[in-house]
Amino acid sequence: MKLILRALYTVLLDTVRVRSIQFTITLSFIFITVLVMLTVSLVLYNKFSRTAEDSAFLNTQQIVDQVQINLENYIKGMADTFQAVDQKIALSSGIPSDKLLEQLETIASTREDIVSIDLFTADGELVTGINATEMRKNTRLTDQSWFKSAVENPNHLTFSLPHIQNLFKGPYKWVVSMSKGVTILKNGRITDAVILVDVNFKTLDDVFRTVSLGKKGYVYIIDDSAGNIVYHPQQQLIYIGLKYENVEQALKFSYGKYMDEADGEKRLNVVRTVNNIGWKIVGVSYLDEMITTTKEVSAFMIWLLIIVLIFVLLISAFMSARITEPIKRLRRSMEMVEKGDFDTYIHVRGAAEVEQLSRRFNLMVSRVRELMEQNNLEQETKRKNELEVLQSQINPHFLYNTLNSVVRMVGSGKNEEVVKTITSLSKFFRISLSKGKPIITIQDEIEHIRNYLIIQKMRYKDKFEYEIDVEEEALPYKTLKLILQPIVENALYHGIEYMADEGSIQIIVKVVDERILLQVKDNGVGMSEATMKGILSGAAKSEKGSGVGVRNVHERIQLYFGREYGITMESELEEGTTVSVWIPKTLSDE
């Protein structure tokens, strides 16, 4: 069952092809509510239907039981009346007599349903009676069933089937005859006789007609011995064969119930047996009337389900809209960020999860905005540095000064120094260009700074000496090009140029663990702590030089290799400056 419901839910979602959270919440609310309502309705319907049917069965049984009690009481009353008549006749010393007739009239006056009280001899001669009219001739009295039963079963009270009384002149009445064979003292002789008390059947008919078993239900009575119908509300239709009752089935029961079908309609039949008379009461109830209440409950359940469904639809739509509104607002903000609007900010409102998500979104957008600003700044700095490097490659002052020195050397006839200077200048520019590559080997970088120092040595003569000490192990590793030239240029222009004594520049390259250390040491005038910090932070700017400063080298190294690398400086006034350049050990160009 669970798998079927899950499959149905999945198929429904796949069918509508709508995946919004609001739709899913609304559909889930409706699905769960309808499922619960259907389950509860089915349980209540089955319970109520079963209870209604049981109540209908019980009601039919109770009505038939009440009819049985009333009929038995009525029969008992009739039997008591007959017994009173029997006693008066038995105690009468002389029959017929006026006293006996007076007593019989007194008994008859106690009940309105008594039609006649008569006493006949076994030959059918009327002995006495309370009838006001004369007896008809040719009544074939002795052939009548009640008479024969009394003669054949003396001292036993018998009840006849309803029949038309035809013994006396006057209106024909539908009666039930009580008869009994007795012995009387007539004119001083013992004589066999038959007591007859006729009771108007209309009284019973009126009682049975008041019984109600629905609009179509009814009660009928059959004779237990032969199955003859004693009473039926549609007696005439029975007689002419337009209606049929399955009395054979009823005769199988003394006390019980069974279902049958008549004219395509199912009926409940409840059977009860009337004591001392041999009659069976059969109560008939039609099943469609019994389940009318069930149909009304079904209609009520359907309308209730529809109303609840509409109510749940409205509530779920409202609730899902309230729940999904913050998510929709977050989606719209994300779309704005997607379009490039990083100034988007979400006002935190809604459920705890939504508030947390909104805060994280604001933090994420803020962080992205910071990273983008930082990236833009770095890209701008990188372009600026690259431009400055390019400018340093074609520094017109350096080229002019070098060529001017060459001219003076040519004029002095120093051909050998001219060749050395031009050769160094050629190698200097070849490595500066490096086919546009930003990364070169440390060996090329050392060759580049060596040619630079040779050229500057030609210009400044004995102003300074230099020394280059490089470990062989460090030569194959890669580095950014032209990182030593600005440092050496600063040492030369700002540390040594104004010294009265000879200056010294020492370049050391070695491998330290997983890093490469390139150091430039000079014995120049040095600088203060504040000046060193200003150089690296960019706060201090040189008034002279090529414009490619130490800070430029520091930023280039950190842009390419990360912030754990770069430049550190140590300096002391009148003692000199040591600039250390740290780069990673790498053999790759990247």
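Residues numbered from 1 in each chain as written. Predicted model: local features only at pLDDT ≥ 70, side-chain atom pairs only at ≥ 80, totals over all residues. Heavy atoms only, no water.

Going by the annotation in an unreviewed UniProt entry, the name recorded for the protein is histidine kinase, with Paenibacillus hexagrammi given as the source organism. What the UniProt record of the protein gives under Subcellular location (unreviewed entry) is the line "Cell membrane". (UniProt positions renumbered as here; feature names shortened; annotations may be inferred.)

### Section: the packing of aromatic side chains
Enumeration according to the criterion identifies eight aromatic pairs in this entry. Note on Y218 and Y220: the rings are 6.3 Å apart at their centroids and 45° apart in plane angle, and the pair reads as tilted. The pair Y218 / Y220 is uniform in exposure class, with both members buried. Between F428 and F429, the aromatic rings sit 5.4 Å apart at their centres with planes inclined by 85°, giving edge-to-face as the arrangement. In terms of burial, F428 and F429 fall into one category: buried. Every member of this aromatic cluster is reached through a ring pair, and the members are F120, W146 and F147. A cation over a ring is seen here: K216 above Y286, with NZ or CZ 4.9 Å from the ring centre. Just above the ring of W582 sits the side chain of R515; from NZ or CZ to the centre is 4.1 Å. (Phe/Tyr/Trp six-rings, centres within 6.5 Å; stacked < 30°, edge-to-face > 60°. Buried < 20%, exposed > 50% of the residue type's maximum accessible area, 1.4 Å probe, protein only. Lys NZ or Arg CZ within 6 Å of the ring centre and 35° of its normal.)

### Brief notes about the sheet that holds strand β7 (residues 218-223)
One open sheet accounts for five strands, arranged β8-β7-β11-β10-β9; its pairing is antiparallel. Strands with a single pairing partner mark the edges of an open sheet, and in this sheet they are β8 (229-231) and β9 (255-262). Ignoring strand direction, the axes of neighbouring strands in this sheet form an average angle of 30°. Pairing geometry for β7 and strand β11 (residues 279-286), over six bridges, is antiparallel. Across the sheet, residue D223 finds its bridge partner in β11, namely W279. In the packing of helix α2 (residues 21-91) onto the sheet, contacts are made with β7, β9, β10 (265-274) and β11, and the angle to β10 comes to roughly 35°. Lying on the sheet, helix α5 (residues 201-209) is in contact with β7, β8 and β11; it crosses β8 at an angle near 80°. (Pairing = 2+ DSSP bridges. Helix = DSSP H or I, 4+ residues; strand = E, 2+ residues; numbered from the N terminus. Axes fitted to C-alpha atoms, helices over the stretch in contact; angles between N-to-C directions. Contact = heavy atoms within 4.5 Å.)

### Re the packing of helix α11 (residues 396-411) against helix α12 (residues 415-433)
Contact pair α11 / α12: the axes reach a minimum separation of 9 Å and the direction vectors enclose 160°. The orientation of α11 relative to α12 falls into the category roughly antiparallel. Like other packed secondary-structure pairs, α11 and α12 cross with a definite hand, here left-handed. In contact with F398, L399, T402, L403, V406, M409 and V410 of α11, α12 contributes E417, V418, T421, I422, L425, F428 and F429. (Parallel < 35°, antiparallel > 145°, perpendicular 65-115°, else oblique. Left-handed = near helix turned anticlockwise from the far one by under 90°.)

### Here's the deal with the sheet that holds strand β13 (residues 464-470)
Strand order across the open sheet formed by five strands is β13-β15-β16-β18-β17, with mixed pairing between neighbours. Two strands close off the open sheet at either side, each with one partner strand: β13 and β17 (566-572). Between one strand and the next, the sheet's axes are offset by a mean angle of 10°, whatever the strand orientation. Bridge count for strand β15 (residues 503-512) against strand β16 (residues 515-522) is eight bridges, and the pairing is antiparallel. Across the sheet, I507 pairs through a bridge with V520, a residue of β16. Helix α14 (residues 485-496) contacts β13, β15, β16, β17 and β18 (576-584) of the sheet and is inclined by roughly 150° relative to β15.

### Quick word on the pattern of salt bridges
One pass over the full model with this rule turns up 19 salt bridges. Among the salt bridges present, the one from E125 reaches K186, with a minimum N-O distance of 3.4 Å. Placement of E125 in the loop between β1 (114-121) and β2 (126-129) and of K186 in strand β5 (residues 173-186) is noted, with a sequence separation of 61 residues between them. E265 is the salt-bridge partner of K216, the closest N and O atoms lying 2.5 Å from each other. Here K216, found in the loop between α5 and β7, pairs with E265, found in strand β10; they are 49 residues apart in sequence, far enough to count as distant. Residue class for K216 comes out partly exposed when judged on its relative accessible area of 32%. Relative accessible area serves as the criterion here: at 26%, E265 is assigned to the partly exposed category. Residues joined by salt bridges that share partners form a network here, namely E245, D260 and R267. (Salt bridge = Lys/Arg side-chain N within 4 Å of Asp/Glu carboxyl O.)

### A word on the confidence of the model for the protein
Of all residues in the protein, 91% attain a pLDDT of 70 or more, and the chain-wide mean is 83. Predicted confidence for residues 543-547 stays below pLDDT 50, and this span has eight contacts to residues more than four positions away or in other chains. (pLDDT = per-residue confidence, 0-100.)

### Observations concerning the nonpolar core
Counting 46 residues, the largest nonpolar core has L71, I117 and L119 as its most contacted members. By residue number, the principal contributor to this core is α2, which donates 11 residues. In contact with I117, other than residues within four places in its own chain, are V85, L104, I107, A108, T128, G129, I130, L196 and V197. Listed in part, the 44 residues of the second largest apolar core include L453, V550, V553 and I557. (Core = buried A, V, L, I, M, F, W, Y, C linked by side-chain atoms within 4.5 Å.)

### With respect to a nonpolar patch on the surface
Together, I164, Y172, W174, L237, Y239, I240 and L242 make up an exposed nonpolar region whose accessible area comes to about 750 Å². Residue placement: I240 occurs in the loop between α6 (235-239) and α7 (247-251). (Patch = residues over 30% accessible without salt bridge, like charges linked within 9 Å, V, L, I, M, F, W, Y side chains within 5 Å. Areas by Shrake-Rupley, 256 points an atom, 1.4 Å probe, with all protein chains shown as cover.)

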